[in-house]
Every structure is written in C-alpha cells, then in structure tokens.
Amino acid sequence: MIAKIGRSANLYGALAYNNLKVQHENGKILFANKIIETPNGEYSVAQLAQSFAPYLIANRNTEKHTLHISLNPDPKDKVDDEKFKEMAEQYMWEMGYGEQPFVVFKHTDIDRSHIHIVSVCVDEQGKKISDKFEKMRSMKVCRELEKLHGLIPATEKQHRQNDKIFRPLDYRKGDIKSQIASVVRHLPNYYQYLSLGEYNALLSLFHITTEKVEGERHGKMQRSLLYIPLNENGERAGNPFKASLFGKNAGLPELEQHFEECKIALKNHPSKPTIKSAISIALQSTTNELDFKKQLAQQGINVVTRRNDAGRIYGITFIDHNSKTVWNGSRLGKELSANVFNEYWVNNIKPKATNHIQQQKSHTSNEADIPNEEPHQLFNFLNTDKHEDGLIEALGGLLPEAQGEDYEEIDFANRMKKKRKRKRGRP
C-alpha cells in the first residue's frame, strides 16, 4: 500500500473535491471522526467544515493546516469497507492524528480501490502536530498495515519508480535521454488519453513535447514521432530524440492503439461528471486564468491552454491526476470549449452558470459561513518545489506547432559542426 500526504491552506477545497465524488455517486463517506452528526447521515461541505472550525480559529501560525491523505492498496488487493475504516483509523493514530477530526472518503470512479482522508494538522490549542520524519513514519505504518490486513506489500522499487515517473525533466541536469525515457515508457500504463494533442498536454507537465514527422523516404511514406525536451518556459532545450530510443510504447503505432483503447474506456467514464462540475465551479468562482488553474490544481486537475501568435486561446486540456484521465475541453462539453475560456479571459465575457452550478449555490446559500481561503495546492503530483506552492503552471503556448523540419538532418548537421570545431582546436 502506498500513502500520499498533501498539505494546503484550503480545507474547503479538499472537502469540496471529495464531496463532489459523493454527489455524483462516485464515492461515499466511510467514516467520520469527531465530526458533528447530521439527522440523515448526509453532509454538505459547509456541515463538514463546521467540525474543523475551532481548530482553524485556534491555529497560531501554521499556514498549510489541511491534510489530504490517500491510501492506495495494490490494485489486486480486495479491501472491503470495514477493512478500509480500520486501516484509516490505524493509520491516523500511528501518524499522530487519531485525536483530530477527520473524514474518510472512498472513491469508486476507477478500478483501483482507494480512500481519501481529510483532516487538519493543528490541535485544539492551535499548535501544529509534528511532521518530523513523516515520509519515513508513513512508510513504516503502511508496511505494518500490509502485514496486519494481508495486503500485497509495496516494495522500495515501486516507490522509487513512482518518484521517477512523476518528475519533470530538467535539461540542466544532463542525461536528457534517460529523463525522457523515465516518463514516456510508463505514461500509457497510468493515464488515458485519445489523441496526440492530449498526450502532448500531459507531456508538457513534464517539460516534454512530441512532433509527428511524415514524409516520403526511398519511395515509401514514413510516419514517426520525435520527443523534444523543453525548459520551464516551454521552449526547446535540446535536440529531438527518435521514439524508437524509448521502447515500443513510445512509438506512434502503439500510441495510436492506446488512443483507440481509451476511446472505449473514456466514453462513459464515471469521473467525467465530477471533473465537469469541478471545472464549472472554478470557472464561475474565479476571474482570471491563473486563479482558475490554481483552484483546479487544489483538486488534482492541471490545465493546459494553447494560444496562437495573436494570443487567442485555441485549445484547452484538463488532466485529472485522480482518475488518471486527460480531457480536451470540448470533449467534456461545448460549454467548456476553448472559445468559452477565450471569451472570458481575453474578452471579459463571463459564461452563464449552468443549472447544476445554480442549484449548488442555492443549496449552500443557507449553510454556515465558511471563511475565504487563499488557494494552495493539495497535491505535489510532480514532486517539484521550483514553482509557487509546488504548482506546475501549464502556460498557454507551451506546445510548439510542428514546423516540418527534418530533425535527423538537423541533428546530423549539429554533430558535423561539433566535429569541425574539434578539428580546428587541434594543434
């Protein structure tokens, strides 16, 4: 079992994300510790937040007071609700949060059964509960829970592999080929996407892009793919690499097969309504692109926008790291197409709220007031601290358009230039 611990200053966002799953019948509340009960056992976000309010009011100086923890058994493990409750309680006690209010949500929108726990890391006196050696302690607790409940153990190799997969490329560190390989060899095993554009949007989070090369060679049509490293500004940061260097999964034929398989899997994917709701709420509650992206990042959704030279948004893609799915905006609905966002962020024409959002606002208007909180990221999906709050900002214009150059020829020319320089330098 693998535990992931996220910290933020946005309790409301953590509760809202999980409650959206419940509302769309893609999740349920398994257990609530020190949470004020309701007559029917159902909760709104405001009702859940009331139980945490005294802790936040007493909070002295802890900025990231909210804990959002996920416990992820091996996909082959069969864990029933009662066992998940026990594991959640045991994990929280062992980590020092057993006396805290917390809510345990089970997510059912993907095949891999897992739970999310939302709590706060400040006690009733407002003092922060120690998080020293947190990662080491968490791994130890997970090993104990695996033995106690007969779960398949997660090996150190799995932990190292996961760390390697979710790390953006850094061209300054060198060995770019290996850095690209550590991402592209594994992405199809984790994420679902059904076009090269969606694949590129996902790769952009890791500072990589691809370009398709098509042309005639020796009388035959050739179709291939090149992988190109990017810097943090989305600019090319090195020579391209042939897809064949990274194994079968990275090539165009395998990717196109993956696209076809994902068309079936994503047609009626259970996470789609939740993602649409999260995006619609963020669109109505923010006034600019940066705040919109930050709010969705709090819920584990990255946004990639694409602009033309005139600055017009012509594409928008949403990457949900919870369900591991990638969605072009128009595929989610015409109300979430690129044109809608361009009109709002460029021309200041705000879209009308959907019936779903209006109903939700009406439902929560009489609830207890929730303090406004600045957005912070709940999950550091890409294991990087080089961006504010660990947030990977997928800026518009990140993905360069294919220019049709013969990169093999360019690469050869660059090598010849280096040879000539070396010859000139000889005595």
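This is a predicted model, so every value here is computed, not measured. (Residues numbered from 1 in each chain as written. Predicted model: local features only at pLDDT ≥ 70, side-chain atom pairs only at ≥ 80, totals over all residues. Heavy atoms only, no water.)

Moving on, we come to the overall build of the protein. Along its length, the protein carries 16 helices and 11 strands. Among the 427 residues that make up the protein, the fraction classed as buried is 50%. Sequence-distant contacts, at least 24 apart, represent 68% of the contacts inside the protein between residues at least 6 apart. Surface accessibility of the protein: about 21800 Å² in total, with carbon and sulfur atoms responsible for 49%. (Helix = DSSP H or I, 4+ residues; strand = E, 2+ residues; numbered from the N terminus. Buried < 20%, exposed > 50% of the residue type's maximum accessible area, 1.4 Å probe, protein only. Contact = heavy atoms within 4.5 Å. Areas by Shrake-Rupley, 256 points an atom, 1.4 Å probe, with all protein chains shown as cover.)

In this structure the tally under the stated criterion is 11 aromatic pairs. Taking the centre distance of 5.1 Å and the plane angle of 25 degrees together, the rings of Y193 and Y199 count as stacked. Exposure class is identical for Y193 and Y199. Each is buried. Each residue in the set Y193, Y199, Y227, F241, F246 and F259 is aromatic and connected to the rest through ring pairs, giving one cluster. (Phe/Tyr/Trp six-rings, centres within 6.5 Å; stacked < 30°, edge-to-face > 60°.)

The strand order across the open sheet formed by 5 strands is β1-β3-β5-β4-β2, and the pairing between neighbours is antiparallel. Two strands bound the open sheet, and with one partner strand each, they are β1 (2-8) and β2 (27-33). Across the sheet, the mean angle separating the axes of adjacent strands is 20 degrees when strand polarity is ignored. Sheet topology places strand β3 (residues 66-72) next to strand β5 (residues 114-120); 6 bridges connect them, and they run antiparallel. (Pairing = 2+ DSSP bridges. Axes fitted to C-alpha atoms, helices over the stretch in contact; angles between N-to-C directions.)

Bringing the nonpolar core into the picture now. I180, L187, Y193, Y199 and Y227 are the most contacted members of the largest nonpolar core, which has 29 residues in total. Those elements that place two or more of their residues in this core are α7 (176-184), α9 (196-204), β7 (220-229) and α10 (252-267). Beyond its immediate chain neighbours, meaning those up to four positions away, L187 contacts Y193, Y199, L202, L203 and F206. A3, L30, V141 and C142 belong to the second largest nonpolar core, which has 25 residues in total. (Core = buried A, V, L, I, M, F, W, Y, C linked by side-chain atoms within 4.5 Å.)

To continue, consider the pairing of β3. The element β3 is extensively covered by neighbouring structure, given that 7 of its 7 residues are classed as buried. Pairing geometry for β1 and β3, over 7 bridges, is antiparallel. Its bridge partner lying in β3, G6 is registered against H68.

Judged by how many residues are buried, helix α14 (residues 338-345) sits mostly within the fold: 6 of 8 residues are covered. Among the residues of α14, those classed as buried are A338, V340, F341, N342, Y344 and W345.

Enumeration over the complete set of coordinates arrives at 19 salt bridges. Linking K34 and E99 is a salt bridge whose minimum nitrogen-to-oxygen distance equals 3.3 Å. Of this pair, K34 sits in the loop between β2 and α2 (45-50) while E99 sits in the loop between α4 (81-94) and β4 (102-107), and the two are 65 residues apart along the sequence. Residue K34 is classed as partly exposed on the basis of its relative accessible area of 43%. Exposure remark for E99: the relative accessible area of 48% places this residue in the partly exposed category. For R172, the salt bridge identified is with E232, shortest N-O distance 3.3 Å. With R172 in the loop between α6 (156-165) and α7 and E232 in the loop between β7 and β8 (241-242), this residue pair connects regions lying 60 residues apart in the sequence. Judged by its relative accessible area of 38%, E232 falls in the partly exposed class. Connected via shared salt-bridge partners are R7, K128, D131 and E134. (Salt bridge = Lys/Arg side-chain N within 4 Å of Asp/Glu carboxyl O.)

Moving on: the confidence of the model for the protein. Here the protein averages 80 in pLDDT, and 79% of its residues register 70 or above. Element-level pLDDT for the protein is lowest in helix α15 (residues 355-364), with a mean of 46, against a maximum mean of 96 in α4. For residues 159-165, every residue scores under 50 in pLDDT, and the model assigns this stretch 16 contacts once sequence neighbours within four places are set aside. A low-confidence stretch, residues 356-414 stays under pLDDT 50, and its non-local contacts, those more than four residues away or across chains, total 123 contacts. (pLDDT = per-residue confidence, 0-100.)

A separate point is the packing of helix α11 (residues 272-285) against helix α12 (residues 289-297). Contact geometry of α11 with α12 gives a least axis separation of 9 Å together with a crossing angle of 145 degrees. Considering how the two elements wind past one another, α11 and α12 form a crossing that is right-handed. For the pair α11 and α12, the contacting residues are A278, I279, I281, A282, L283 and S285 in the first and F292, Q295 and L296 in the second. Taken together, the residues of the contact of α11 with α12 break down into 7 nonpolar, 2 polar and no charged. (Left-handed = near helix turned anticlockwise from the far one by under 90°. Nonpolar A, V, L, I, M, F, W, Y, C, P; charged D, E, K, R; others polar.)

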